[in-house]
Amino acid sequence: MSPVRQSPSAIVLYDLPLAAGEGFGQHAHDDNQLAWVRDGVLMVTIGTRHWMLPPTLALWIPAGVPHASTAARSAAAMQGIYLPAHALPDWTAPTVVAVGPLLRELIDFLCGADVPDGARARAEALVPELLRPVRTFTIDVPMPRDERAVRIARALAEDPGDERDLHAWGRTVGASTRTLTRIFAGETGMGFQRWRSRLRLRASLAYLAGGESVSRTAALVGFASASSFVAAFRQLTGVTPGAYFAQLDGATPVTGTGVGAATS
């Protein structure tokens, strides 16, 4: 972890290179954080919500909010950007913001080692002014609590394309199909097939954000065809994968400072 600048600056920046799958477990900061990657895809987890963030997006995390961050699927060049707790006091919820060329250039400027104090102060004052919320969503996947089902959930999170049904999983974890069916329904609020489809859709966001095609993503996460993947994506989110990521590329701002709509 390499700090770019410490006090008396208002904004502190850290270079945080992450290997694929590497990250930081649940923690909180005394300052507000803008979680962003220059390259790769960052997954930020807060409670049961997961945000997949390509370089065009960042997540505002208010001071004191516990969260975890992971490089999704490939290495990521994370930039830790910490703003004083009094910055944007009305932003009390995690909020996705657009990272356009101007904000990126401003962050690059602030990363300079020899920026005069006066110029740094003026540049730092602009950062909050450039934070614009964008409409996005999270795909929430409720997790089971029973240890046998947890083993299945963890394995599928690692390999969402695994095709084994509950009968096959039961032989692995030592439980009957009926028992596992009851556990998933009771602890996640949905049947196993629906739960696995949602897990696959959540996993698809990292691939799509990383530039994979729809057809390749569908195969990687276990859908039988690109058309079945697109149909499931649209049913859950209301838009196709292409329309959703085109919207993110455009970084359309939304009014106010509320968090983007979550899909559950």
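Residues numbered from 1 in each chain as written. Predicted model: local features only at pLDDT ≥ 70, side-chain atom pairs only at ≥ 80, totals over all residues. Heavy atoms only, no water.

Focus on the overall build of the protein chain
Okay, so step 1: Of the regular secondary structure elements, the protein chain holds nine helices and ten strands.
Okay, so step 2: Out of the 264 residues in the protein chain, the part that is buried amounts to 49%.
Okay, so step 3: Residue pairs at least 24 apart in sequence account for 72% of intrachain contacts in the protein chain once pairs closer than 6 positions are excluded.
Okay, so step 4: Looking at the protein chain as shown, the accessible area adds up to about 12100 Å², and 53% of this sits on carbon and sulfur atoms. (Helix = DSSP H or I, 4+ residues; strand = E, 2+ residues; numbered from the N terminus. Buried < 20%, exposed > 50% of the residue type's maximum accessible area, 1.4 Å probe, protein only. Contact = heavy atoms within 4.5 Å. Areas by Shrake-Rupley, 256 points an atom, 1.4 Å probe, with all protein chains shown as cover.)

Structural notes on helix H5 (residues 177-188)
Okay, so step 1: Look at H5: 16 Å from first C-alpha to last across twelve residues, which is about the 16 Å you get at 1.5 Å a residue.
Okay, so step 2: Turning to H5, its buried residues are Thr179, Leu180, Ile183, Phe184 and Thr188. Here the buried residues of H5 occupy an arc of 130° about the axis, which is enough to place them on one side. Seen from the buried face of H5, the exposed residues on the opposite side, beyond 90 degrees, are Arg178, Arg182 and Gly186.
Okay, so step 3: Against helix H3 (147-158), helix H4 (166-173) and helix H6 (192-209) lie the buried residues of H5. (Expected span 1.5 Å × (residues − 1). Arc of directions from axis to C-beta.)

Let's talk about the sheet that holds strand S5 (residues 42-46)
Okay, so step 1: Reading across the sheet, the four strands line up as S3-S8-S5-S6 and stay open at both edges, with antiparallel pairing between neighbours. Single-partner strands in this sheet number two, and they are strand S3 (23-27) and strand S6 (49-53). Here the strands of the sheet are splayed against their neighbours by 15° on average, with no regard to which way each runs.
Okay, so step 2: Inspection of the sheet shows S5 paired to S6 by five bridges, in the antiparallel sense. Bridge assignment links valine 44 to a residue of S6, and that residue is tryptophan 51. (Pairing = 2+ DSSP bridges. Axes fitted to C-alpha atoms, helices over the stretch in contact; angles between N-to-C directions.)

Things to note about the side chain of histidine 29
Okay, so step 1: Residue position: histidine 29 is located in the loop between S3 and strand S4 (32-39).
Okay, so step 2: Excluding anything up to four places from it in sequence, histidine 29 contacts Ala63, Gly64, His67 and Tyr82.

Regarding the packing of aromatic side chains
Okay, so step 1: The tally for this structure, following the rule as stated, stands at seven aromatic pairs.
Okay, so step 2: Aromatic ring contacts, followed pair by pair, group Phe184, Phe192 and Trp195 into a single cluster.
Okay, so step 3: For the cation-ring pair, arginine 164 lies above tryptophan 169, with the distance from its terminal atom to the ring centre recorded as 3.7 Å. (Phe/Tyr/Trp six-rings, centres within 6.5 Å; stacked < 30°, edge-to-face > 60°. Lys NZ or Arg CZ within 6 Å of the ring centre and 35° of its normal.)

Let's talk about the packing of helix H7 (residues 214-221) against helix H8 (residues 226-237)
Okay, so step 1: Packing of H7 against H8 brings their axes to within 8 Å, and their N-to-C directions diverge by 85°. By the angle class used here, H7 and H8 are roughly perpendicular. Contact residues: H7 offers Val214, Ser215, Thr217 and Ala218, while H8 offers Ala226, Phe229 and Val230.
Okay, so step 2: By residue class, the composition of the contact of H7 with H8 is five nonpolar, two polar and no charged. (Parallel < 35°, antiparallel > 145°, perpendicular 65-115°, else oblique. Nonpolar A, V, L, I, M, F, W, Y, C, P; charged D, E, K, R; others polar.)

Some remarks on the pairing of strand S8 (residues 67-71)
Looking along a regular strand, one sees the side chains alternate between the two faces of the sheet.
Okay, so step 1: When you tally the buried positions in S8, you get four out of five residues, the bulk of the element.
Okay, so step 2: Bridge count between S5 and S8: four bridges; the pairing is antiparallel. Note that in S8 the partner of valine 44 across the bridge is serine 69.

Focus: the confidence of the model for the protein chain
Okay, so step 1: Of the residues in the protein chain, 90% reach a pLDDT of 70 or more, and the chain-wide mean stands at 86.
Okay, so step 2: Across the protein chain, H5 holds the top mean pLDDT of 97, while strand S1 (residues 2-3) sits lowest at 48.
Okay, so step 3: Taken together, the stretch residues 1-8 has pLDDT below 50 and engages in 21 contacts with residues farther than four places along the chain or on a different chain.
Okay, so step 4: Here residues 251-264 is a poorly scored stretch, pLDDT under 50, and it has 41 contacts once near neighbours within four places are set aside; other chains count. (pLDDT = per-residue confidence, 0-100.)

Considerations on the packing of H6 against H7
Okay, so step 1: Where H6 contacts H7, the two axes come as close as 9 Å, and the packing angle between them is 135°. The angle between the axes of H6 and H7 places the two elements in the oblique class. At the point where H6 passes H7, the crossing takes the right-handed sense. In contact with Arg200, Ala203, Ser204, Tyr207 and Leu208 of H6, H7 contributes Val214, Thr217, Leu220 and Val221.
Okay, so step 2: Class assignment of the residues belonging to the contact of H6 with H7 gives a composition of six nonpolar, two polar and one charged. (Left-handed = near helix turned anticlockwise from the far one by under 90°.)

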